Amino acid sequence: MAEVKLAAQVRSEFGKGAARRTRRANLVPAVIYGHGAEPVHVTLPGHELMMALKTANVLIGLEIDGKDALVIPKAVQRNPLKGDIEHVDLLTVKRGEKVNVEIAVHVEGDLAPGGNLLEYVQNTLLVEAEATHIPESVTVSIAGLDAGASVLAKDIPLPKGSVLAGDEDAVVLQVVAAQAEEPTADAEAEGAEA
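Definitions and cut-offs
- Residues numbered from 1 in each chain as written.
- Predicted model: local features only at pLDDT ≥ 70, side-chain atom pairs only at ≥ 80, totals over all residues.
- Heavy atoms only, no water.
- Core = buried A, V, L, I, M, F, W, Y, C linked by side-chain atoms within 4.5 Å.
- Buried < 20%, exposed > 50% of the residue type's maximum accessible area, 1.4 Å probe, protein only.
- Helix = DSSP H or I, 4+ residues; strand = E, 2+ residues; numbered from the N terminus.
- Contact = heavy atoms within 4.5 Å.
- Pairing = 2+ DSSP bridges.
- Axes fitted to C-alpha atoms, helices over the stretch in contact; angles between N-to-C directions.
- Patch = residues over 30% accessible without salt bridge, like charges linked within 9 Å, V, L, I, M, F, W, Y side chains within 5 Å.
- Areas by Shrake-Rupley, 256 points an atom, 1.4 Å probe, with all protein chains shown as cover.
- Salt bridge = Lys/Arg side-chain N within 4 Å of Asp/Glu carboxyl O.
- Lys, Arg positive; Asp, Glu negative; His and termini not counted.
- Charge placed at Lys NZ, Arg CZ, Asp CG, Glu CD.
- Arc of directions from axis to C-beta.

Moving on to the nonpolar core. If you look at the biggest cluster of nonpolar residues, it comprises 20 residues, and the most contacted ones within it are Ile72, Val93, Val99, Val101, Leu125, Ile156 and Val172. Of all elements in the fold, only β5 (67-78), β7 (98-108), β9 (124-130), β10 (137-141) and β13 (171-177) reach the threshold of two or more residues within this core. The biggest single contributor to this core is β7, with four residues. With near-sequence residues (within four places) excluded, Val101 lies in contact with Asn57, Ile72, Leu125, Leu126, Val127 and Ile134.

Here it is as structure tokens:
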């Protein structure tokens, strides 16, 4: 995974008014946590941050007052109407350090014929990986699965260097048979009249 470089500025104003002024200047308030250090409150460039966050679990290299920090996004708050980023919580990481992150689950292949439906019980998997080698997603083959089949977390092949951090017996995907609707009394009456 490539590292995205962003310049950050330490912020000294707090509260709603200060946050609104920051956002009007196309900056995003953020807090950096981790490794037992005091939280650091910063502002980040809005557009560059938005572009970086398009990649899941992106590794961000911050330059703060001449010092470098390596972080990953922990929580992103967005405006519910506009979708703009309002605030970001960042977690400090070190090269070689293992972190727990959620990665997307994608499927490939076709289910067995017969009107079966695929149900995602979980869209993501919790894995432990090195902070600088976090996988973006995992792909699961569902080719030929029939109704009643399920895919457990332990059955999903993980990228090299990643291990499952969640419950290995958790159901991630399951195949269910499509259910036809029973005819209603009105539909039966119409069929009898015809």
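Strand order in the open sheet formed by three strands is β8-β13-β11, and the pairing between neighbours is antiparallel. Edge positions in the sheet fall to β8 (116-120) and β11 (150-152), since each has one partner strand and no second. Between one strand axis and the next, the sheet turns through 15 degrees on average, direction left out of account. Both β11 and β13 contribute to a ladder of three bridges, which runs antiparallel. Paired with Leu152 across the strands is Val171, a residue of β13.

This part is about the pairing of β5. In the sheet, strand β4 (residues 59-64) pairs with β5 via five bridges, with the strands oriented antiparallel. Residue Glu63 lies in a different strand from β5, and its bridge partner there is Asp68. The antiparallel hairpin formed by β4 and β5 contains two residues in its connecting segment, where Asp65 sits at a positive phi of about 50 degrees. Once β5 ends, the chain turns through six residues before running back antiparallel as strand β6 (residues 85-92), passing Gly83 with a positive phi of about 85 degrees.

Side chains of Lys16, Arg20, Arg23 and Arg24 sit close together on the surface and give a patch of like positive charge. Looking at the element boundaries, Arg24 is found in helix α1 (residues 16-24).

Among the residues of α1, those classed as buried are Ala18, Ala19 and Thr22. Along the long axis of α1, the arc covered by the buried residues comes to 100 degrees, so they all point the same way. Away from its buried face by more than 90 degrees, α1 exposes Lys16 and Arg24.

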